[in-house]
Amino acid sequence: MTLPPGYGLLTLDQLIGNMDHLIVTSGTIDMQGGLFTRWWKFIHPSKKAATSLPLVCIHGGPGFTHNYLKPLILLADMGIPCGCGASSFVEDPAKDAPWLLTISFYVNELEKLIDTLQLSEYNVYGSSWGTVVAQEFSVRQPVGLKHLILDGVVGDGQLHVKTLWRDVISTMPTYTRNLLKDLEERKAFGSPEYQALVDTLTKHFTCRIVPTPDVFMDCFRSDGPGENKGMNQKIYVAMQGPSEFGLSGVLEFYSVLDRLPRVLVPTLVLRGEFDTMSEEASMAVVNAISSCLPLVTVKGASHCKVLDEPQICCNIIFEFLEQ
C-alpha cells in the first residue's frame with residue numbers, strides 16, 4: 001500500500017488514548033528450526049483482579065504481523081490481561097523452514113506458548129487467519145480453554161470465496177468488479193492496475209477508518225532487521241495465494257466445519273458490516289458450534305474492525321468474557 005506525500009497516519013494514542021500506564025512484559029519462546037516467537041503481555045496495574053483469565057490473541061495473515069491488533073490492549077485497560085506476538089522472519093520459508101507453510105505448525109506454536117506461560121485457564125481470540133489456528137486448536141478440546149472469540153472467521157475456504165464474490169464484491173459498481181475479475185483471471189497481481197484497485201478496495205473492505213492507522217501500515221513494512229520486518233509475502237502467497245479476493249494456497253480447500261461440533265466452550269463470532277467474510281460463511285461457523293452465541297455484526301466496520309471501531313469491539317469482547 002502507498003500513501004500520498006504528506007498524508008498523516010492515525011497514531012495508536014489518537015485511536016484509543018494513551019496506554020503508558022499498562023504494565024507490559026515480553027519474552028521469547030524457542031520454536032522448531034532455531035526460530036522463535038516473541039510475546040507481549042499487557043496488564044492494568046490496579047485492575048489485576050478484575051479477571052483471572054488472560055486473553056491469548058492470534059493475528060491474521062498468514063505471514064502478517066500483530067500490529068493491527070494493538071487496539072485490543074483496551075481490554076487490558078478494562079482489566080483483562082491480553083497478549084500477542086511476533087515470530088522470526090524467514091526470507092525463504094519453502095527452502096529453509098517448510099513447516100511454516102503448514103497449519104499444524106501454528107497450532108503447535110500456540111500450544112507451546114500457552115504451556116511456556118503456564119496458563120492453566122485462558123481465553124483465545126483469533127483474527128482472520130488467526131481464526132483458523134484458533135479453531136484447529138479448539139477442536140482438540142484443550143484443557144484450560146474457557147472462551148473462544150473468532151473475528152472475521154474462515155471456516156471453509158470454498159464457501160468463503162464463493163460468498164465473498166457473490167455477497168461482498170457484488171456490492172461494488174459493475175465496472176469495478178468486472179475489472180477485478182479480469183485482473184484476477186489474468187493473474188495480473190503485480191500490475192499497477194491491480195495494485196491500485198486493491199489499495200482502493202482495502203480502504204473499503206479491510207480497514208475503513210480515515211486517516212489510516214499507523215499500526216495497520218506497520219504490518220506492511222519491508223525494512224528490518226529480523227522481527228521488525230512486516231508481512232512475510234512468501235508465507236502469505238504459499239498459504240493464502242497472491243490475492244485477498246480468492247484462495248489458491250494451502251487454504252484453498254481448507255474446512256473445519258465438520259469438526260467444529262467438538263468445540264464446547266462459549267464462542268463469539270464477530271464480523272464487520274463491510275467485512276470480506278460474508279454473513280453466510282460466518283453463520284456456517286456459528287451453526288456448527290452448539291455453544292456459540294448469535295453472530296455479532298459490527299456496524300460500519302470492515303475486516304479489521306478492531307481498528308475501525310476499537311471501543312465497540314472491546315466492549316463486546318469484554319461483556320462476552322465477563323458474562
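Residues numbered from 1 in each chain as written. Predicted model: local features only at pLDDT ≥ 70, side-chain atom pairs only at ≥ 80, totals over all residues. Heavy atoms only, no water.

> Let's hear about the overall build of the protein: which residues, and what values?
In terms of regular secondary structure, the protein is built from 13 helices and eight strands. Against the 2.2 N^0.38 benchmark of 20 Å for 323 residues, the protein shows a C-alpha radius of gyration of 19 Å, consistent with a compact globule. Considered along the principal axes of its C-alpha atoms, the protein spans approximately 55 × 45 × 45 Å. Across the 323 residues in the protein, those meeting the buried criterion constitute 55%. A sequence separation of at least 24 residues applies to 73% of the contacts in the protein between residues at least 6 apart. If you sum the accessible surface of the protein, you get close to 14,100 Å²; carbon and sulfur atoms cover 54% of it. Seen as two clouds, the 25 positive and the 35 negative side-chain charges of the protein have centres 2 Å apart. (Helix = DSSP H or I, 4+ residues; strand = E, 2+ residues; numbered from the N terminus. Rg over C-alpha atoms; globule rule 2.2 N^0.38 Å. Buried < 20%, exposed > 50% of the residue type's maximum accessible area, 1.4 Å probe, protein only. Contact = heavy atoms within 4.5 Å. Areas by Shrake-Rupley, 256 points an atom, 1.4 Å probe, with all protein chains shown as cover. Lys, Arg positive; Asp, Glu negative; His and termini not counted. Charge placed at Lys NZ, Arg CZ, Asp CG, Glu CD.)

> Report on helix H4 (residues 103-116), specifying residues and quantitative values.
Its 14 residues give H4 an end-to-end C-alpha distance of 20 Å, which sits within 8% of 20 Å, the value for a rise of 1.5 Å per residue. Where H4 begins, the side chain of Thr102 points an oxygen toward the backbone nitrogen of Phe105, at a separation of 3.4 Å. Just downstream of H4 lies Gln118, where phi reads positive at about 55°. (Expected span 1.5 Å × (residues − 1). Polar contact = N/O pair within 3.5 Å; in protein donor to acceptor, adjacent residues only side chain to side chain.)

> If you had to explain helix H13 (residues 310-322) to someone new, which residues and values would you point to?
Its 13 residues place the ends of H13 18 Å apart at the C-alpha level, agreeing with the 18 Å of an ideal helix rising 1.5 Å per residue. Taken together, the buried positions of H13 are occupied by Pro310, Cys313, Cys314, Ile317, Phe320 and Leu321. Seen from one end, H13 has its buried residues packed into an arc of 125°, which puts them on one side. (Arc of directions from axis to C-beta.)

> Help me get a handle on the packing of H4 against helix H5 (residues 129-138), residues and values and all.
Here H4 crosses H5 at 70°, and the two axes come no closer than 9 Å. The angle between H4 and H5 places the two elements in the roughly perpendicular class. Only Trp129, Val132, Val133, Glu136 and Phe137 of H5 make contact with H4, whose side of the interface consists of Ile103, Tyr106, Val107, Leu110, Glu111 and Ile114. Residue classes in the contact of H4 with H5 are distributed as nine nonpolar, no polar and two charged. (Axes fitted to C-alpha atoms, helices over the stretch in contact; angles between N-to-C directions. Parallel < 35°, antiparallel > 145°, perpendicular 65-115°, else oblique. Nonpolar A, V, L, I, M, F, W, Y, C, P; charged D, E, K, R; others polar.)

> Could you give an account of the nonpolar core, naming the residues involved and the relevant values?
One finds Leu100 and Val124 to be the most contacted residues of the largest nonpolar core, which totals 48 residues. When residues of this core are traced back to their parent elements, those giving at least two are strand E3 (55-58), H4, strand E5 (122-127), H5, strand E6 (145-151), helix H10 (233-239) and helix H11 (279-288). With seven residues, H4 is the single largest residue contributor to this core. Core analysis: the next-biggest nonpolar cluster, separate from the first, contains 42 residues, Phe42, Phe216, Tyr236 and Phe320 among them. (Core = buried A, V, L, I, M, F, W, Y, C linked by side-chain atoms within 4.5 Å.)

> Quick rundown of the state of the cysteines? Include the residues and the values.
Scanning the model with the defined rule gives zero disulfides in all. There is no disulfide at Cys207, and the cysteine sulfur nearest it, in Cys304, is 5.7 Å away. By relative accessible area, which is 5% here, Cys207 ends up buried. This cysteine, Cys292, is not joined by any disulfide, and Cys313 carries the nearest cysteine sulfur, 16 Å off. (Disulfide = S-S within 2.5 Å.)

> An account of the pattern of salt bridges is needed here, citing residue identities and associated values.
Throughout the structure, instances matching the rule amount to eight salt bridges. Several salt bridges converge on common partners, so that one network encompasses Asp151, Asp275 and Lys305. (Salt bridge = Lys/Arg side-chain N within 4 Å of Asp/Glu carboxyl O.)

> If you had to explain the side chain of Ser282 to someone new, which residues and values would you point to?
Mapped onto the fold, Ser282 is located in helix H11. Here Ser282 falls in the buried class, since its relative accessible area comes to 0%. Ignoring any residue separated from it by four or fewer positions in sequence, one finds Ser282 in contact with Val153, Val269, Arg271, Met277 and Leu295.

> Account for the packing of aromatic side chains, with residues named and values stated.
With the rule as written, the count across this model stands at five aromatic pairs. On the numbers, 5.1 Å between centres and 85° between planes, the contact of Phe105 with Tyr106 is edge-to-face. On the basis of relative accessibility, which here comes to 7%, the residue Phe105 falls in the buried class. By relative accessible area, Tyr106 is classed as buried at 13%. A ring pair is formed by Tyr122 and Phe137, whose centres lie 6.3 Å apart and whose planes are at 45°; its orientation type is tilted. A residue pair is termed long-range when its members are at least 10 positions apart, and Tyr122 in strand E5 and Phe137 in helix H5 qualify at 15 residues. (Phe/Tyr/Trp six-rings, centres within 6.5 Å; stacked < 30°, edge-to-face > 60°.)

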